[in-house]
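Descriptive analysis of the structure
Here are the chains, one letter per residue:
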Amino acid sequence: MKKLNEIELKKIDGGGITFGFGLALGALITLLSGIIDGYIRPLSCR
């Protein structure tokens, strides 16, 4: 196993989801669930 130095460690790209992408995905899921809920259970304004 080769030990990496600091420069090599900074060059490594991760495969995880970034914070912005996760936030946008959560907002999209929330929006779609609200739209579907509005069509399935329409409530009148009070």
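The structure under discussion appears in the preceding block.
Notes on the structure in this doc start here. Just so we're clear, the structure is a prediction, and the values are computed from it rather than from any experiment.

**As for the overall build of the protein**
Looking only at helices and strands, the protein features two helices and zero strands. By principal-axis analysis of the C-alpha atoms, the protein measures approximately 65 × 20 × 10 Å. Residues classed as buried in the protein amount to 0% of the 46 residues present. Separation of charge centres in the protein, based on 6 positive and 4 negative side chains, amounts to 4 Å.

**Comments concerning a nonpolar patch on the surface**
Among the surface-exposed residues, Ile-17, Phe-21, Leu-25, Leu-28, Ile-29, Leu-31, Leu-32, Ile-35, Ile-36, Tyr-39 and Ile-40 lie close enough to one another that they form a single nonpolar patch of about 1200 Å² accessible area. Here Leu-28 is to be found in helix 2 (residues 19-40).

Cut-offs and rules
- Residues numbered from 1 in each chain as written.
- Predicted model: local features only at pLDDT ≥ 70, side-chain atom pairs only at ≥ 80, totals over all residues.
- Heavy atoms only, no water.
- Helix = DSSP H or I, 4+ residues; strand = E, 2+ residues; numbered from the N terminus.
- Buried < 20%, exposed > 50% of the residue type's maximum accessible area, 1.4 Å probe, protein only.
- Lys, Arg positive; Asp, Glu negative; His and termini not counted.
- Charge placed at Lys NZ, Arg CZ, Asp CG, Glu CD.
- Patch = residues over 30% accessible without salt bridge, like charges linked within 9 Å, V, L, I, M, F, W, Y side chains within 5 Å.
- Areas by Shrake-Rupley, 256 points an atom, 1.4 Å probe, with all protein chains shown as cover.
- Salt bridge = Lys/Arg side-chain N within 4 Å of Asp/Glu carboxyl O.

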